Amino acid sequence: MIEANPYWTQLEVDLADTSGIIVPKGEDEAAYFERLRMGIRQHATAADRVSATVVEPGFRHRELGTKISGFLLAMTEGYWLVFEPDEREYYCFWGTDRNNLGAFGVCGNPLYCWWD
């Protein structure tokens, strides 16, 4: 699946950046980051375009109720890692219904946007 997603090359580069990511207390830093990377890779998807509605707490650069669209990179149990290429920004969308996803204010580093 990774080969079929044109945004994966950039994602792999960005997965190396761990700056600003808080490691849970008691976790080995290197193991924690590798577990996040492996989780993303294991749940890789085709680059389907998906959209989500901005909801509380929102983003400082987007109004509540507006839509964010991007390309899916990975998905599991209601978490959708999405890349918005015009902004070069990663987002986490939530929801189980592809047609009713929410964007709750999580964007930035792809490791920050992914849950272990």
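Above this text sits the structure in question.
Residues numbered from 1 in each chain as written. Predicted model: local features only at pLDDT ≥ 70, side-chain atom pairs only at ≥ 80, totals over all residues. Heavy atoms only, no water.

Caption draft 1: Unusual backbone geometry, seen in detail. With an omega of 5 degrees, the peptide bond running from Glu56 to Pro57 counts as cis. Although it is not a glycine, Glu77 adopts a positive phi angle of roughly 40 degrees. Tracing the chain through its elements places Glu77 in the loop between strand S2 (67–76) and strand S3 (79–84). Take Glu77: its relative accessible area is 76%, and that puts it in the exposed class. Of note, the phi angle at Arg88 is positive, near 55 degrees, even though the residue is not glycine. On the basis of relative accessibility, which here comes to 54%, the residue Arg88 falls in the exposed class. (Helix = DSSP H or I, 4+ residues; strand = E, 2+ residues; numbered from the N terminus. Buried < 20%, exposed > 50% of the residue type's maximum accessible area, 1.4 Å probe, protein only.)

Caption draft 2: Just helix H2 (residues 29–42), in detail. End to end, H2 covers 20 Å across 14 residues, agreeing with the expected 20 Å (1.5 Å per residue, within 8%). The inward-facing, buried residues of H2 abut helix H1 (8–14), S2, S3 and helix H3 (110–113). (Expected span 1.5 Å × (residues − 1). Contact = heavy atoms within 4.5 Å.)

Caption draft 3: Layout of the nonpolar core. If you look at the biggest cluster of nonpolar residues, it comprises 21 residues, and the most contacted ones within it are Leu11, Phe33, Ile40, Leu73, Leu81, Tyr90 and Leu111. Looking at this core, the elements with two or more residues in it are H1, H2, S2, S3, strand S4 (89–94) and H3. Broken down by element, this core gets its largest block of residues, four residues, from H2. Membership of the second largest hydrophobic core comes to 12 residues, among which are Phe59, Ile68, Phe93 and Ala103. (Core = buried A, V, L, I, M, F, W, Y, C linked by side-chain atoms within 4.5 Å.)

Caption draft 4: Fine view of the packing of aromatic side chains. For the structure on display, the rule yields eight aromatic pairs. Seen in terms of ring centroids, Phe59 and Tyr91 are 5.3 Å apart; in terms of plane orientation they differ by 80 degrees. Their pairing is edge-to-face. A residue pair is termed long-range when its members are at least 10 positions apart, and Phe59 in the loop between strand S1 (49–54) and S2 and Tyr91 in strand S4 qualify at 32 residues. Comparing Phe59 with Tyr91, the two get one shared label, buried. Through a chain of ring-to-ring contacts, the aromatic side chains of Tyr7, Phe71, Phe83 and Tyr90 assemble into a single cluster. (Phe/Tyr/Trp six-rings, centres within 6.5 Å; stacked < 30°, edge-to-face > 60°.)

From the geometry alone we can't say anything about function, so treat these as descriptive.
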